[in-house]
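Here's the letter readout for the chains.
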Amino acid sequence: MRDYKKLDIWKKSHSLTKQVYNDVLPIMPVEERFALTNQLRRSTYSIPLNIVEGCGKNSDKDFAHYLDNALGSAHEVEYTCYLIYYLGFIKEELYNGINATVNEIKAMLIAFIKYLRGE
């Protein structure tokens, strides 16, 4: 078992979750509360949650599976933020910052998955 709080990928994804909660969700329109807002909320916190759950597994193979799930969630966040930006709900500067962080997280996840699988 691993201590997820020591993993840089968990720290970065946790920070992204906080940023989305503080900077994006509060400015979303009320009519999107049960659509885009909810989707973004769930996919964002799914990244660190999958890392945490994977840390509780006994094998690298099982851990990599949960990192795969976290990567899928990161792709969801990437597109949802793009859509929110495209629809004009957030400004370009905020979108660019979040998108850069998501891309860093995706790269870290891919590298970690490859490491665990011995690639």
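Residues numbered from 1 in each chain as written. Predicted model: local features only at pLDDT ≥ 70, side-chain atom pairs only at ≥ 80, totals over all residues. Heavy atoms only, no water.

A few points about helix 3 (residues 60-86)
(1) Moving on: If you check helix 3, its first and last C-alpha atoms are 38 Å apart, about what 27 residues at 1.5 Å a residue would give, namely 39 Å.
(2) Moving on: Residues of helix 3 that are buried: Phe63, Ala64, Tyr66, Leu67, Ala70, Leu71, Ser73, Ala74, Val77, Thr80, Cys81 and Ile84.
(3) Moving on: A positive phi of about 85° marks Gly88, the residue just after helix 3. (Helix = DSSP H or I, 4+ residues; strand = E, 2+ residues; numbered from the N terminus. Expected span 1.5 Å × (residues − 1). Buried < 20%, exposed > 50% of the residue type's maximum accessible area, 1.4 Å probe, protein only.)

Observations concerning the side chain of Lys106
(1) Moving on: Within the secondary structure, Lys106 is located in helix 4 (residues 92-116).
(2) Moving on: A relative accessible area of 12% places Lys106 in the buried class.
(3) Moving on: A polar atom in the side chain of Lys106 sits 2.9 Å from the side chain of Glu78.
(4) Moving on: Those residues in contact with Lys106 that lie beyond four places of it in its chain are Leu71, Ala74, His75 and Glu78. (Polar contact = N/O pair within 3.5 Å; in protein donor to acceptor, adjacent residues only side chain to side chain. Contact = heavy atoms within 4.5 Å.)

Thoughts on a nonpolar patch on the surface
(1) Moving on: Together, Tyr79, Tyr82, Tyr86 and Leu87 give the surface a local cluster of nonpolar side chains, amounting to about 470 Å² of exposed area.
(2) Moving on: Note on placement: Tyr86 falls in helix 3.
(3) Moving on: What makes Tyr86 exposed here is its relative accessible area of 59%. (Patch = residues over 30% accessible without salt bridge, like charges linked within 9 Å, V, L, I, M, F, W, Y side chains within 5 Å. Areas by Shrake-Rupley, 256 points an atom, 1.4 Å probe, with all protein chains shown as cover. Salt bridge = Lys/Arg side-chain N within 4 Å of Asp/Glu carboxyl O.)

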